[in-house]
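A structural walkthrough
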Amino acid sequence: MPESELPEDVLSEAERLTRLARDAVDPDEAEAYRSARDDIVGEYEFRARHREDDDVLVLHPDEWVDDDGVVDPTEIDDVDRGIERPLSGTGEDHEWSAVEEYNAACVAAVAEEHGADHAANARAFADFLGNHYVRRIETAGAPEVREFVEEYYPRNAWPTAEQRSLLPESLELLFDAADAEVPEYN
């Protein structure tokens, strides 16, 4: 796929919005996320859908789709133009350095503006997400945040009482640094 066809920032935002739609409790909220995603990829004449069976975001050029919204195999000129992005599980190992660099910058922003306790919590989440899922902060969905809060943090972060009490706020600050909202995980 030519790099200019669907830029990486568009792909990342489409993934984020699809995760938010997937995790939304309110059907109207889910539809709003899907609509925003469709608008973003539509600017590049692409369509998006969430293949729920294996939790994958599927993107393909508009011209592949017939009037009924079904992909017409006779219209597929180059299968490499289609894109599939897993929404759960881990990223690729070779992506780890870039993910860590990005997540570390978000943690540094939290440290600079909000102090050491919030930074320690932010670093714990960045470590969890980067090491277990090879994913950037804003791509975390409710299942990953819940796993962090309920399982990873109490067992692996060794927080002080103050850090523990600040965790929800620390996550808000970290997601703000990544220009995203914390998924509803409770």
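Each value, and the rule that gives it
- Residues numbered from 1 in each chain as written.
- Predicted model: local features only at pLDDT ≥ 70, side-chain atom pairs only at ≥ 80, totals over all residues.
- Heavy atoms only, no water.
- Core = buried A, V, L, I, M, F, W, Y, C linked by side-chain atoms within 4.5 Å.
- Buried < 20%, exposed > 50% of the residue type's maximum accessible area, 1.4 Å probe, protein only.
- Helix = DSSP H or I, 4+ residues; strand = E, 2+ residues; numbered from the N terminus.
- Contact = heavy atoms within 4.5 Å.
- Phe/Tyr/Trp six-rings, centres within 6.5 Å; stacked < 30°, edge-to-face > 60°.

Attention shifts here to the nonpolar core. Residues F125, I137, F148, L171, L174 and F175 are the most contacted members of the largest nonpolar core, which totals 25 residues. Only α3 (96–114), α4 (116–133), α5 (142–157) and α6 (161–177) provide two or more residues apiece to this core. Examining the composition of this core, we find that 7 residues originate from one element, α4, more than from any other. When sequence neighbours within four positions are dropped, the list of residues in contact with F175 reads F125, I137, E138, A140, V145, A180, E181, V182 and P183. Counting residues in hydrophobic clusters, the runner-up holds 11 residues, among them V10, L11, A48 and L59.

What follows concerns the environment of I83. Tracing the backbone shows I83 in strand β3 (residues 83–86). In this structure, the C-alpha to C-alpha distance between I83 and V56, residues 27 residues apart in sequence, is 9.8 Å.

Turning our eyes to something else, we now look at the packing of aromatic side chains. For any pair of aromatic rings, the description consists of the separation of the ring centres together with the inter-plane angle of the planes. Within this structure, the stated rule accounts for 8 aromatic pairs. When the centroid spacing of 4.9 Å and the interplanar angle of 85° are considered together, the rings of F125 and F148 count as edge-to-face. With a gap of 23 residues between them, F125 in helix α4 and F148 in helix α5 connect regions that are remote in the sequence. Both residues of the pair, F125 and F148, count as buried. Here the aromatic residues F125, F128, Y133, F148, Y152, Y153 and F175 are joined through ring pairs into a cluster of three or more.

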